[in-house]
Amino acid sequence: MNKSLGFFLGFFGLLFPLTVAKWNILNQKSHNGLKISVKEYCRSWRLNIELNNIREFQVVPEECSEYIGKYMRSMQYNVDSELALDECLVYLSTSCNLKKDGKDAWIFDIDDTLISTIPFLKNYLYGGRRLNLTALEEWMNKAKAPALDHSLRLFNDLKSRGIRIILLSSRREHLRSATIDNLVNVGYHGWTCLVLRNPDDELVSVEKYKSDVRKQLEKDGYRIWGIVGDQYSSIEGLPSAKRTFKLPNPMYYVA
Ligand SMILES: *[C@@H]1O[C@H](CO)[C@@H](O)[C@H](O)[C@H]1NC(C)=O
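So, how was this worked out
- Residues numbered from 1 in each chain as written.
- Predicted model: local features only at pLDDT ≥ 70, side-chain atom pairs only at ≥ 80, totals over all residues.
- Core = buried A, V, L, I, M, F, W, Y, C linked by C-beta atoms within 7 Å.
- Buried ≥ 20, exposed ≤ 12 C-beta atoms within 10 Å, placed from the backbone.
- Helix = DSSP H or I, 4+ residues; strand = E, 2+ residues; numbered from the N terminus.
- Arc of directions from axis to C-beta.
- Pairing = 2+ DSSP bridges.
- Right-handed = clockwise from strand over helix to strand, strands pointing away.

Concerning the nonpolar core
- Counting 30 residues, the largest nonpolar core has Ala105, Trp106, Ile107, Phe108, Leu114 and Ile166 as its most contacted members.
- Where this core is concerned, the elements lending two or more residues are α4 (75-95), β1 (104-108), α7 (149-160), β2 (164-172), β4 (223-229) and α10 (232-235).
- The next biggest cluster of nonpolar side chains, apart from the first, holds 23 residues, and it includes Tyr41, Cys42, Ile49 and Met72.

Observations regarding helix α8 (residues 176-185)
- For α8, every residue scored as buried is listed here: Thr179, Asn182 and Leu183. The buried residues of α8 all sit within an arc of 95° when viewed along its axis, so they share a single face. Exposed residues on α8 whose side chains face more than 90 degrees from its buried face are Ser177 and Val184.
- Following α8 by one or two positions, Gly187 has its phi on the positive side, about 115°.

Structural notes on the pairing of β2
- In terms of burial, β2 is a largely internal element, seven of the nine residues being buried.
- Taken together, the four bridges between β1 and β2 define a ladder with parallel strand orientation. The residue bridging Trp106 from the neighbouring strand is Ile165, located in β2.
- Inspection of the sheet shows β2 paired to strand β3 (residues 193-197) by four bridges, in the parallel sense. Across the sheet, the residue bridging to Leu167 is Leu194, located in β3.
- Chirality of the crossover, the property in question, places the unit of β2, α8 and β3 among those that are right-handed.

Structural data, given as structure tokens:
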């Protein structure tokens, strides 16, 4: 295993080697011989990431990193995120019979869900270059990640409905105070608990770690109405929530 993969593994959990780029830039064809452009290919790549058809990619294919960078800086990314979060409100007002007994709960991821790692990832070609865990954690320690505004609005809306907010992240425990500072500085406060990964949790996949936390929350009597996350490992695994909402993130994959 090479060093940078080791770093990535350490931070984000288990990743398996996989080649994703079946695209051949020289003949500009898909498998069945249709002529397609790089842009069409990259759009399709992004769609299939969000559909969870392409999994466990280690880097964005080289020919798509420019396209992915543009998407992450675009209005489209904002609109996609906002629509996903609007659906949380539709769901809450149509399908949730909140008991308001202090046990209605909602789970959020942190990175690229509440706050953005784009200021860091832009130096890694928006996922086109392997992440370096040391550099990533140094950046996280500065507590300068900006808020994702639509998420902040949803967070505050849920709070005003009396829903308990649980923050469940694959960030490591030593980043706790930097994480709290960062969240508070950009406007998040009043969550019920912040769960970060202990060394023991790093021995299992992120999906298992997060499922185990949900199991404990249910034991403690919480009804988990929803999860908002940018990774499938945040919303898959049992027990889950009554509904889950996936935010776009074509820059990296956490297994
Ligand atoms: C990772 O980042 C650290 C801190 O910025 C740096 O010292 C180190 O050389 C980097 N490692 C690799 C493999 O790039």
